[in-house]
Amino acid sequence: MDLQGKKVLVFGAGISGIGSCGLLEKEGAEVILYDGNDKKDAEAMKAQLGEGSKVRVVLGAFPEEEMESLDLVVMSPGVPTDLPVVLAMKEKGIPVWGEIELAYVCGKGDVLGITGTNGKTTTTSLLGEIMKNARDSVFVVGNIGTPYTNAAADTREDSVIVAELSSFQLESIHTFHPKVSAVLNITPDHLNRHHTMECYIDTKARIAENQTKDQICVLNYEDEHLQKLAAKIPADIFWFSSKRPLERGIWLDGEDIIYKDGEEIKICTIHDMQLLGVHNYENVMAAVAITMHMGVPVECIRKAVAEFKAVEHRIEFVREVAGVKYYNDSKGTNPDAAIKAVEAMVTPTVVIGGGYDKQSSYEEWIASFGDKVKCLVLLGATADKIEETARKAGFTNIVRVGSLKEAVEASAAQAQSGDAVLLSPACASWDMFKSYEQRGTLFKEYVNQL
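Our subject in this report is the structure included herewith. Throughout this description, residue numbers start from 1 for each chain and increase along the sequence as written. Note on the predicted model: pLDDT of at least 70 is required for a residue's local features to be given, and 80 or more for side-chain atom pairs to be given and counted; whole-chain, interface and lining totals, by contrast, use all residues. Note that water and hydrogens are dropped before the side-chain values are worked out from all heavy atoms of the structure.

**Structural notes on the sheet that holds strand β1 (residues 7-11)**
Moving on, step 1. Strands sit in the order β3-β2-β1-β4-β5 across an open sheet of 5 strands; the sheet is parallel. Two strands lie at the open edges of the sheet, namely β3 (56-59) and β5 (96-98), each paired on one side alone. Sheet twist, expressed as the mean angle between neighbouring strand axes with direction ignored, is 25°.
Moving on, step 2. Here the rule is simple: two strands pair whenever DSSP picks up at least two bridges between them. Think of it this way: any DSSP run of H or I at least four residues long counts as a helix, any run of E at least two long counts as a strand, and we number them from the N terminus. By the bridge criterion, 4 bridges tie strand β2 (residues 30-35) to β3 in an arrangement that is parallel. Looking at the pairing, Tyr34 lines up with Val58 of β3.
Moving on, step 3. Along the sheet, helix α4 (residues 84-91) makes contact with β1, β4 (72-75) and β5, crossing β1 at roughly 155°. To obtain each axis, a line is fitted to C-alpha atoms, and for helices this fit is confined to the stretch in contact; angles are then taken between N-to-C directions over 0 to 180 degrees. Every residue pair with non-hydrogen atoms within 4.5 Å of one another is taken to be in contact.

Right, dumping it as C-alpha cells:
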C-alpha cells in the first residue's frame, strides 16, 4: 500500500504507537493517534511525537464518522484485536495491521524473526551481536524494546533486521516474511489475551506462515507443540535439541554444541560461554543455527558467543552479600520461565514470586523446587493462588510480604551463607509495577541497599 495521503489511525499511544506515527508521517500519511482512555494527557502524547508533528490525537470513544474515512488502522501490540471498536473497523473493510506489518512494508533488508514463550530476548540479543560482527547494517528491534517502526526508515537493501516478536505482535501481520524464523518453545502464557492454548500456539506459528520452502524455520525438537506444528510450516525446518543428536540440526552433546548440515562442526563447549542453564544453551543453539544459515563465518559466531553476557533481568547476577548470591530474573513472567531459572541455580535457593495474574497455573513451577528451594517469598495479586498451590503440594516454608523491598529483606533473613536468592516471579509485573524492567531495577536497588 502506498501510504502517501492515506488517512491512518494508530490505535494505542505506547512506545510502539508513537513509533508507528513517526514512520507514517515520514511516508506521507495523515495520522490520527487514538487511545480509548479519555483520562490520558493529549498534550503529553503530542510532546512525544516531536516538534513539527501533524498527528491528531483522539481520546475516549472513537467517533463513528471518523471511521468512515479511514484507509488503514495500525494496532499497537498492547491493544487486543477483539475489542468491539476494532471488530467494527474490520467489518467496514478497513485493513487492520500491526506495527510489525507496517514496519516490514516500509522497510528494506533481510528479517530474522524470533518468537517463543521464553528465551526470546536472550536469543535476539545474541543473534544481534553475532550479526553485528558480520554485517555493517544491523537493527535489533521488536519486543526487545526498540520498535521496528523506529528503525524501518533507516534500513537498506543490505540491512539485517533482528526482530524479537511476541504473540501480540504476530496477531496482526499479513505479508511479514522473515528470511529465517525461529520458534524457541511454546508453554502456556497470555491466556487472558488469547483465551485458549490452541489460539496462542496458532498465533506463535504465524511467524513462519509467509515463508517459502527455500527459507529456514528453526524449531526446538524437544517441544511437543513444535513437533506437531512442524508439518504445517511451509519453510525448511532446522531443529535444535538439548537432549539428542540429530541427523540434521544443532544439538548439545554432553558439554559440546554440535552443528550438522552436511558436515559436522563443533561450535563450542558450554564452558566457552558466560550463560547459565540448559535453557540458555538452547538459546545459543537457536542463534547459531540462524547465523549459520545467514552465512556468518564460524569463528565470528564463536567470538560473539564467548563474549556474550546474560541480558538484564534474566538470571542476572546482582551481588553477593554475606555469602548469599542474589539473582534478578524479573523477566521470568510465566511459570515455565521461572522453572528454567530454578533449574539454573546450583545452591539452596530462596525464591521471590508472585505478581499480576495471567491465568497461569503454578503446579509445575512448585514441583520444580525439589530439595533446592528452601523458602518461597510471595507478594502481589497471585500470592494467595500460589500459596494454595504450594501448600497442596506439601511446600510450606512460605513468607508473605506486602512490597518488593520487604521481599528482599525477608529473603536475606531466610538465606544463609552459600545460598542464593532468586527473584523469578512466574507472573507479569503489572499489578505493582509498570514493567518487569522496573520490578527488576528496584530489586537490584534493594539488594544493593542490604
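Let's pick the thread back up.
**Some details on the environment of Asp384**
Moving on, step 1. For Asp384, the location among the structural elements is in helix α16 (residues 383-392).
Moving on, step 2. Exposure categories follow from relative accessible area, calculated using a 1.4 Å probe and restricted to protein chains: below 20% of the type maximum is buried, above 50% is exposed, and the middle band is partly exposed. Taking relative accessible area as the criterion, Asp384 reaches 53% and is therefore assigned exposed.
Moving on, step 3. Separated by 16 residues in sequence, Asp384 and Arg400 place their C-alpha atoms 9.3 Å apart.
Moving on, step 4. Here Arg400 takes part through its side chain, which lies 2.7 Å from a polar atom of the side chain of Asp384. Any N or O atom pair separated by 3.5 Å or less is treated as a polar contact, with the protein-specific requirement of one donor-capable and one acceptor-capable atom, and with residues adjacent in sequence counted only for side-chain atom pairs.

**Focus on the state of the cysteines**
Moving on, step 1. Two cysteine sulfur atoms make up a disulfide if the distance between them is within 2.5 Å. Scanning all chains against the criterion turns up 0 disulfides.
Moving on, step 2. Free of any disulfide, Cys21 has its nearest neighbouring cysteine sulfur in Cys106, separated by 13 Å.
Moving on, step 3. Cys300 takes part in no disulfide bond, and the closest cysteine sulfur, belonging to Cys268, lies 14 Å away.
Moving on, step 4. Judged by relative accessible area, which is 15%, Cys300 ranks as buried.

**Notes on the sheet that holds strand β19 (residues 398-400)**
Moving on, step 1. Read from one edge to the other, the open sheet built from 6 strands follows the order β15-β16-β20-β17-β18-β19, with strand pairing classed as mixed. Pairing within the sheet leaves two strands with one partner each, and these edge strands are β15 (316-321) and β19. On average, each strand axis in the sheet is inclined to that of its neighbour by 20°, with strand direction left out of account.
Moving on, step 2. Bridge analysis of strand β16 (residues 324-328) against strand β20 (residues 420-423) gives 4 bridges, and the strand direction is parallel.

**Examining the pattern of salt bridges**
Moving on, step 1. Salt bridge, as used here: a side-chain nitrogen of Lys or Arg that lies within 4 Å of a carboxyl oxygen of Asp or Glu. This structure, assessed with the given rule, holds 30 salt bridges.
Moving on, step 2. For Asp38, the salt bridge identified is with Lys39, shortest N-O distance 4.0 Å. This pair shows no difference in class: Asp38 is exposed, exactly as Lys39 is.
Moving on, step 3. Among the salt bridges present, the one from Lys179 reaches Asp110, with a minimum N-O distance of 3.6 Å.

**Notes on the packing of aromatic side chains**
Moving on, step 1. When the centres of two rings from Phe, Tyr and Trp lie within 6.5 Å, Trp using its six-membered ring, the rings pair. Their planes under 30 degrees apart give stacked, over 60 give edge-to-face, and anything left gives tilted. All told, the structure shown has 10 aromatic pairs when counted by the stated rule.
Moving on, step 2. For the ring pair Tyr104 and Phe176, a centre distance of 5.4 Å and an interplane angle of 75° mean the geometry is edge-to-face. Taken as a pair, Tyr104 in helix α5 (residues 99-106) and Phe176 in the loop between α8 (167-170) and β9 (180-183) lie far apart in primary sequence, 72 residues in all.
Moving on, step 3. Classification of Phe176 as buried rests on a relative accessible area of 0%.
Moving on, step 4. Both rings, one in Tyr356 and one in Trp430, keep their centres 5.1 Å apart while their planes meet at 65°; by these two values the pair is edge-to-face. Placement of the pair is Tyr356 in the loop between β17 (349-353) and α15 (363-367) and Trp430 in the loop between β20 and α18 (436-449), with a sequence separation of 74 residues.
Moving on, step 5. Owing to a relative accessible area of 46%, Trp430 belongs among the partly exposed residues under this scheme.
Moving on, step 6. A network of ring pairs unites the aromatic residues Tyr362, Trp365, Phe369 and Phe395 as a single cluster.

**Thoughts on the packing of helix α17 (residues 404-414) against α18**
Moving on, step 1. Where α17 meets α18, the closest approach of the two axes is 9 Å, and the angle between their N-to-C directions is 45°. On the basis of the axis angle, α17 is oblique to α18. α17 and α18 meet at a crossing whose hand is right-handed. Taken together, the residues of α18 that come into contact with α17 (itself represented by Leu404, Lys405 and Val408) are Arg439, Leu442, Phe443, Tyr446, Val447 and Gln449. Each angle receives one of four descriptions, namely roughly parallel if under 35 degrees, roughly antiparallel if over 145, roughly perpendicular if within 65 to 115, and oblique otherwise. Each helix crossing is assigned a hand: it is left-handed if the near helix lies turned anticlockwise from the far helix by less than a right angle, otherwise right-handed if that turn is clockwise.

**Some thoughts on the side chain of Lys120**
Moving on, step 1. You can see Lys120 is positioned in helix α6 (residues 120-134).
Moving on, step 2. The charged-residue count follows a simple rule in which Lys and Arg add positive charge and Asp and Glu add negative charge, with His and chain termini not counted at all. Buried within the structure, Lys120 lacks any salt-bridge partner; Glu164 is the closest side chain of opposite charge, at an N-O distance of 4.6 Å.
Moving on, step 3. Residue contacts for Lys120: discarding those within four places in its chain leaves Ile114, Thr115, Asn143, Glu164, Leu165, Ser166, Leu184 and Lys204.

**Digging into unusual backbone geometry**
Moving on, step 1. Non-glycine residue Ala322 carries a positive phi angle of around 50°.
Moving on, step 2. Residue position: Ala322 is located in the loop between β15 and β16.
Moving on, step 3. Among the residues examined, Ala322 registers a relative accessible area of 68% and is labelled exposed.
Moving on, step 4. A positive phi angle is found at Gln359, which is not glycine, with a value near 65°.
Moving on, step 5. Tracing the backbone through its elements, the reader meets Gln359 in the loop between β17 and α15.

**A short note on α6**
Moving on, step 1. Working rule for helices: expected span equals 1.5 Å times residues minus one. Taking 1.5 Å per residue as the helical rise, α6 with its 15 residues ought to reach 21 Å, and the 21 Å between its terminal C-alpha atoms agrees with that figure.
Moving on, step 2. With 11 of its 15 residues buried, α6 lies for the most part within the structure.
Moving on, step 3. Regarding α6, the residues found buried are Lys120, Thr121, Thr122, Thr123, Thr124, Ser125, Leu126, Leu127, Gly128, Ile130 and Met131.
Moving on, step 4. Taken together, the buried residues of α6 touch β6 (110-115), β7 (138-142), β8 (160-164), α10 (197-205), α12 (278-293) and α13 (298-307).

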